[in-house]
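Descriptive structure summary
Here are the chains, one letter per residue:
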Amino acid sequence: MTARPGPGRLDTCRCVSCAPLTWVAVAVLALGAATALYWFQPWKLVTDTEVHEELAAVPSVTAPAPSPSAAPASTAPASTPAGPVLLAGGEFVSHEHDTRGAARIVRTADGRHRLELVGLDTSNGPDLQVWLTDQPVRTGPSGWHVFDDGRHVALGALKGNRGDQAYAIPAGTDLAGLTSVSIWCERFAVSFGAAALAPAG
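Let us look at the structure shown here. The structure displayed is predicted, hence computed values, not measured ones.

Let us now look at the environment of Glu-186. Within the secondary structure, Glu-186 sits in the loop between strand 8 (180-185) and strand 9 (190-196). Under the relative-accessibility criterion, Glu-186 is labelled partly exposed at 42%. Sequence spacing of Glu-186 and Gln-129 is 57 residues, and the spatial spacing of their C-alpha atoms is 6.8 Å. When residues no more than four places from it in sequence are discounted, the contact partners of Glu-186 are Asp-127, Gln-129 and Trp-131.

See the structure below:
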């Protein structure tokens, strides 16, 4: 006479047979969670990276123009200044994230060009880049995604979401037409904030 498996043995067999499916489900969930963490990096939304680099000693981008009635200091022919020169600048406006501060292009005493971010204050995020672009700066959601539509020059990863910082502009870059700077989230193709660059003077 053959003994039949009792209820306890039957339940054990069923659990063993479904174990592979359970492990597959756990693996899929773990992979999904890891992927989401990689792409969104949510911890960056509650952490800040501050940078305090030395900036060029040039007039503020918001300094008022001299009065037309002011007498010139000298009547000698103009020459190339020995120190750094402010070429263009402007204030940041918020796009997907609240962004404050100023951006400016400076020609250094040795003739090189660099972009300086003055008092930047924006959100942290994944894959943030600093771009010079030829796109107009617009407020509202319609202006969040335009900066990869035309010409842009990538200056590197954002060093910090707060503070003063400088980025070298590659030698030979044609600055004509590059009229804006964006804190660009390359992973999601959206601007955190941008500044229009108006010529100084």
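Before going further, it helps to examine the pattern of salt bridges. Taken as a whole and assessed by the stated rule, the structure comprises 7 salt bridges. With a shortest N-O distance of 2.6 Å, Arg-114 and Glu-116 are connected by a salt bridge. With a shortest N-O distance of 3.4 Å, Arg-162 and Asp-121 are connected by a salt bridge. Taken together, the residues Arg-162 in strand 7 (residues 162-168) and Asp-121 in strand 4 (residues 113-121) connect sequence positions 41 residues apart. Residue Arg-162 is classed as partly exposed on the basis of its relative accessible area of 31%. One connected set of salt bridges, linked through shared partners, spans Asp-48, Arg-100, Asp-121 and Arg-162.

Let us now look at the pairing of strand 5 (residues 128-133). With 6 of 6 residues buried, strand 5 is to be regarded as a mostly interior element. Across the two faces of strand 5 the burial is the same, with Leu-128, Val-130 and Leu-132 and Gln-129, Trp-131 and Thr-133 all buried. In this sheet, strand 6 (residues 152-157) lies alongside strand 5 in antiparallel orientation, the contact comprising 4 bridges. Bridge pairing in strand 6 links Gln-129 to Ala-157.

Note that Ser-180 resides in strand 8. Separated by 2.5 Å, the side chains of Ser-180 and Thr-133 make a polar contact. At a separation of 2.8 Å, a polar atom in the side chain of Ser-180 contacts the main-chain carbonyl oxygen of Gln-135. In contact with Ser-180, not counting residues within four places along its chain, are Trp-131, Leu-132, Thr-133, Asp-134, Gln-135, Val-137, Phe-147, Ala-195, Ala-196 and Leu-197.

So, how was this worked out
Residues numbered from 1 in each chain as written. Predicted model: local features only at pLDDT ≥ 70, side-chain atom pairs only at ≥ 80, totals over all residues. Heavy atoms only, no water. Helix = DSSP H or I, 4+ residues; strand = E, 2+ residues; numbered from the N terminus. Buried < 20%, exposed > 50% of the residue type's maximum accessible area, 1.4 Å probe, protein only. Contact = heavy atoms within 4.5 Å. Salt bridge = Lys/Arg side-chain N within 4 Å of Asp/Glu carboxyl O. Pairing = 2+ DSSP bridges. Polar contact = N/O pair within 3.5 Å; in protein donor to acceptor, adjacent residues only side chain to side chain.

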